[in-house]
Amino acid sequence: MSPYRGISLATFFGCAPAVDPHRPKNSFWYYILKDQVTPKVLFDFICNPIGHKNGIASYAPYGLRKVEAALLRDGYKRNEVVVAHPDHVDKFIGPETEVVGTYEMDPLGMGPVTMTFTYGRKQTSYDEFYNRDLHMKINAAKKKNGSHAKVIAGASGTWQYNYDPKKIQEYGLYAVLEGELGGIAPEIDGHAGEFFNKLIAGDFENMNPFVKSDFKVEVKEFGKDAEKFHGRFIHYWDEPSVDDIPNIVEPSMHGMVEVMRGCGRGCKFCDVTLRPLRYYSPEKVKQEIEVNIKKGGQRNAWLHSDDIFVYGLDPRKTKNMAPNREALEDLFKAVMSCGIEHTNPTHGTLAGAIADEKLLPSLSKIIKSGPNNKTGVQCGFETGSLRLIGKYADRKLAPYKPEEWHWVVKEGVKTLNENHWIPAFTLIMGLDNAETEEDGWDTIRLINELELEQPESQFTVTPLTFVPIGLLEKSEFFDIGNELTAPQLGVMYKTWQHNFKYGIQKFMDKTGSNNTLKKKAFTGLARALGGVPLTAMEKYARRKGPEHERVIETIKTKYW
């Protein structure tokens, strides 16, 4: 719950390593920082807290605002529901408090970005560090104020408690709320009142599995013998219609509003595709933006979707998932009519961006994209391997074919950039633990070809480790700490080199504010910091041996 000082992509800073419990106490860095990795003073400065009024949060994550709105819709009074500032939870936990719910996206640091940054959780991320801190504050407040409130963890990250269940006991969780399909979060805002009523009434204590209910309670047993313990998991699956999804009533973080749910692309490594597609009307989107403007003073709108270019189409009837340009134009016109200064969608596919040559020029004109008003969008680069794309994400390319993936990537970057959109790519290392060394080299070569063929191109690439969610939930985590092959190290090295060397030199200091001094200061700082992980990876390669060293040297000589 931080605005991260308005710095683009800084919201990922929570994925950074906080402490290293394995750091030798006789090392130089232990003498300087003890067990800290990313200095806490730096993190706390960038991750500045949101404002509050008497402990009530001024802004909150969008999903939490949905639960709040649903409870108010379902009969709870305004003085019975509060979204508390994390630093002031003790003010709202007392003898009459029934439930304390926590909204957790990456509670145990197992998200793809975090697993990459912490070497497969060998270090503790700030996500996990502050999640534990929050639960300790809740428990301390309960003890101090004589509260018997039930603490329940919810949102998209609760699947992680299955992999480190001791935290359920350590945090004193009454239950963990999770969906039925992989890591997907339950859409509790459809029937929030019913859920909280049952929770308060104690219906989940001994729920009869033979009685038909929207909720299923599973008490899981973990550990063995003296180490055996239990955790209560409440499973819920609902697909509320758009009419059953309440509008937020208080401001969301970053001016975020939702425009759709689901994706329809069918990538096997993603849980979003398991959701049915539903679209908010332009009027419903406007209503939520106006809440952020009037109550939060927001001047921008982050449009959350899982693929903005799917908005308004029915993939079962639309040939080759061709974008619905008219629906998209109506949506963005409605967004801009609210009087905001800037908008950008959270996610989009490259295939969707180029499938209609008139689409991006039209949208860019509507939202006033230009040299001084860039539009960022997160896109899945996934891999340079045609084999892996064909096996795990063939519909991601529709209307194109897997063998056209390299062309789609290159044409996508070109088209986005021409219309002043900058893609922030993510790729997956160790996809389903089926990645060969040649697959890794395919990724390195594709990034390099983009740089050579489009020397003025603007994009970033972030490598993520494979996490078993979606249709691959039965697979194993990719263990980056122990299974990193030489080409996979090369992928990390190449992406970091691109982002902090090539990217900064080519475009990062040409975007943003007109404050030239500020740009130069940022560029210099980024160049200095960018060299740190590159040096660390070079040292890691020397420790691992000649094969890893050769990969680094090959990238320096052939793909730099």
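Worth saying up front: this structure is predicted, and the values here are computed from it rather than measured.

## With respect to the packing of helix 14 (residues 437–453) against helix 18 (residues 546–558)
Then, in step 1: Direction vectors running N to C along helix 14 and helix 18 enclose 20°, while the axes themselves pass 12 Å from each other. Comparing the axis directions of helix 14 and helix 18 gives the class roughly parallel. For the crossing formed where helix 14 meets helix 18, the hand is right-handed. Between helix 14 and helix 18, the contacting residues are Glu437, Trp441, Ile444 and Asn448 on the first element and Glu547, Val551, Thr554, Ile555 and Lys558 on the second.
Then, in step 2: Of the residues that constitute the contact of helix 14 with helix 18, the class distribution is 4 nonpolar, 2 polar and 3 charged.

## Some thoughts on the pairing of strand 7 (residues 175–178)
Then, in step 1: Burial of the side chains of strand 7 extends over both faces: Ala175 and Leu177 are buried on one face and Val176 and Glu178 on the other.
Then, in step 2: Bridge count between strand 6 (residues 150–154) and strand 7: 2 bridges; the pairing is parallel. Bridged to Ala153 within strand 7 is Val176.
Then, in step 3: Regarding topology, helix 6 (residues 166–171) serves as the crossover connection from strand 6 to the parallel strand 7, and that connection is right-handed.
Then, in step 4: Where strand 7 lies against strand 9 (residues 229–236), 3 bridges are found, and the strand directions are parallel. Bridge assignment links Leu177 to a residue of strand 9, and that residue is Ile234.

## What to know about the environment of Ala69
Then, in step 1: Locating Ala69 in the fold gives a position in helix 3 (residues 62–73).
Then, in step 2: A relative accessible area of 4% means that Ala69 is categorised as buried.
Then, in step 3: Along the sequence, Ala69 and Ile245 sit 176 residues apart, while their C-alpha atoms lie 9.2 Å from each other.

## A closer look at the pattern of salt bridges
Then, in step 1: Counted by the stated rule, this structure contains 34 salt bridges.
Then, in step 2: Between Glu258 and Arg261 there is a salt bridge; the shortest N-O distance is 3.0 Å. With respect to class, Glu258 is no different from Arg261; both count as buried.
Then, in step 3: Here Lys410 and Glu449 are joined by a salt bridge, their closest N and O atoms 2.8 Å apart. One end of the pair, Lys410, is in helix 13 (residues 405–418); the other, Glu449, is in helix 14, and 39 residues separate them in sequence.
Then, in step 4: Taken together, the shared-partner salt bridges connect Arg121, Glu128, Arg132, Asp164, Lys167 and Glu170 into one network.

## A short note on the environment of Lys558
Then, in step 1: Counting through the fold element by element, Lys558 comes out in helix 18.
Then, in step 2: The class for Lys558 is exposed, based on a relative accessible area of 54%.
Then, in step 3: Each C-alpha atom of the pair Lys558 and Val291 lies 52 Å from the other, and the pair is 267 residues apart in sequence.

## Things to note about the nonpolar core
Then, in step 1: Ranked by internal contacts, the top residues of the largest apolar core, which has 86 residues, are Phe269, Ile289, Phe309 and Phe332.
Then, in step 2: Element by element, the count of residues in this core is highest for helix 9 (residues 325–336), at 6 residues.
Then, in step 3: Ignoring anything within four residues of it in the chain, the contact list for Phe269 reads Glu382, Tyr392, Ala393, Ile428, Leu431, Phe466, Ile469 and Leu472.

## Describing the packing of helix 3 against helix 7 (residues 192–201)
Then, in step 1: Look at helix 3 against helix 7: their axes get within 8 Å of each other, and the N-to-C directions meet at 80°. Of the possible angle classes, the one that applies to helix 3 and helix 7 is roughly perpendicular. Listed contacts from helix 7 to Val67, Ala70, Leu71 and Arg73 of helix 3 are Ala192, Gly193 and Phe196.
Then, in step 2: Grouping the constituent residues of the contact of helix 3 with helix 7 by class yields 5 nonpolar, 1 polar and 1 charged.

## Describing the sheet that holds strand 14 (residues 342–345)
Then, in step 1: Reading across from one edge, 10-13-14 is the order of the 3 strands in this open sheet, with parallel pairing throughout. Both edges of this open sheet fall to strand 10 (256–258) and strand 14, since each of them pairs with a single strand only. Here the average twist between neighbouring strands, direction ignored, is 25°.
Then, in step 2: Summarising the sheet, strand 13 (residues 300–304) and strand 14 pair through 4 bridges and their orientation is parallel. Considered in strand 14, the bridge of Asn300 is made with His342.
Then, in step 3: Strand contacts of helix 8 (residues 282–296): strand 10 and strand 13, with the helix running at about 160° to strand 10, the strand carrying the most contacts.

## Some words on the sheet that holds strand 16 (residues 421–429)
Then, in step 1: Pairing is parallel in the open sheet, where 3 strands are placed in the order 15-16-17. Here the strands that pair on one side only, and so sit at the sheet edges, are strand 15 (375–382) and strand 17 (460–465). Within this sheet the neighbouring strands show an average axis-to-axis angle of 25°, counted without direction.
Then, in step 2: Taken together, the 7 bridges between strand 15 and strand 16 define a ladder with parallel strand orientation. Paired with Gln378 across the two strands is Ala424, which belongs to strand 16.
Then, in step 3: In the packing of helix 14 onto the sheet, the strands contacted are strand 15, strand 16 and strand 17, and the crossing angle to strand 15 comes to about 145°.

## Some thoughts on the packing of aromatic side chains
Then, in step 1: Applying the stated criterion across every chain yields a total of 25 aromatic pairs.
Then, in step 2: Ring centres of Tyr126 and Phe129 lie 5.9 Å apart, and the angle between their planes is 70°; this geometry places the pair in the edge-to-face category. On the criterion of helical spacing, the pair formed by Tyr126 and Phe129 is a turn pair, its members being 3 residues apart in helix 5 (residues 126–145).
Then, in step 3: Ring centres of Phe222 and Phe233 lie 6.3 Å apart, and the angle between their planes is 55°; on these two criteria the pair is classed as tilted. Separated by 11 residues along the polypeptide, Phe222 in strand 8 (residues 215–222) and Phe233 in strand 9 bring together distant segments of the chain.
Then, in step 4: On the accessibility criterion, Phe233 (0% relative accessible area) is buried.

## Examining unusual backbone geometry
Then, in step 1: Cis peptide bonds are those with omega within 30 degrees of zero, and the linkage from Ala398 to Pro399 qualifies with 15°.
Then, in step 2: One non-glycine residue, His420, lies in the positive phi region at around 70°.
Then, in step 3: As for its position among the elements, His420 is in the loop between helix 13 and strand 16.

## Regarding the environment of Met136
Then, in step 1: Among the structural elements, Met136 can be located in helix 5.
Then, in step 2: Taking the relative accessible area as the measure of exposure, Met136 reaches 28% and is therefore partly exposed.
Then, in step 3: Residues Met136 and Tyr171 lie 35 residues apart in sequence; the distance between their C-alpha atoms is 7.0 Å.
Then, in step 4: With near-sequence residues (within four places) excluded, Met136 lies in contact with Glu170 and Tyr171.

Criteria and thresholds
- Residues numbered from 1 in each chain as written.
- Predicted model: local features only at pLDDT ≥ 70, side-chain atom pairs only at ≥ 80, totals over all residues.
- Heavy atoms only, no water.
- Axes fitted to C-alpha atoms, helices over the stretch in contact; angles between N-to-C directions.
- Helix = DSSP H or I, 4+ residues; strand = E, 2+ residues; numbered from the N terminus.
- Parallel < 35°, antiparallel > 145°, perpendicular 65-115°, else oblique.
- Left-handed = near helix turned anticlockwise from the far one by under 90°.
- Contact = heavy atoms within 4.5 Å.
- Nonpolar A, V, L, I, M, F, W, Y, C, P; charged D, E, K, R; others polar.
- Buried < 20%, exposed > 50% of the residue type's maximum accessible area, 1.4 Å probe, protein only.
- Pairing = 2+ DSSP bridges.
- Right-handed = clockwise from strand over helix to strand, strands pointing away.
- Salt bridge = Lys/Arg side-chain N within 4 Å of Asp/Glu carboxyl O.
- Core = buried A, V, L, I, M, F, W, Y, C linked by side-chain atoms within 4.5 Å.
- Phe/Tyr/Trp six-rings, centres within 6.5 Å; stacked < 30°, edge-to-face > 60°.

Shape descriptors only; they carry no functional weight alone.
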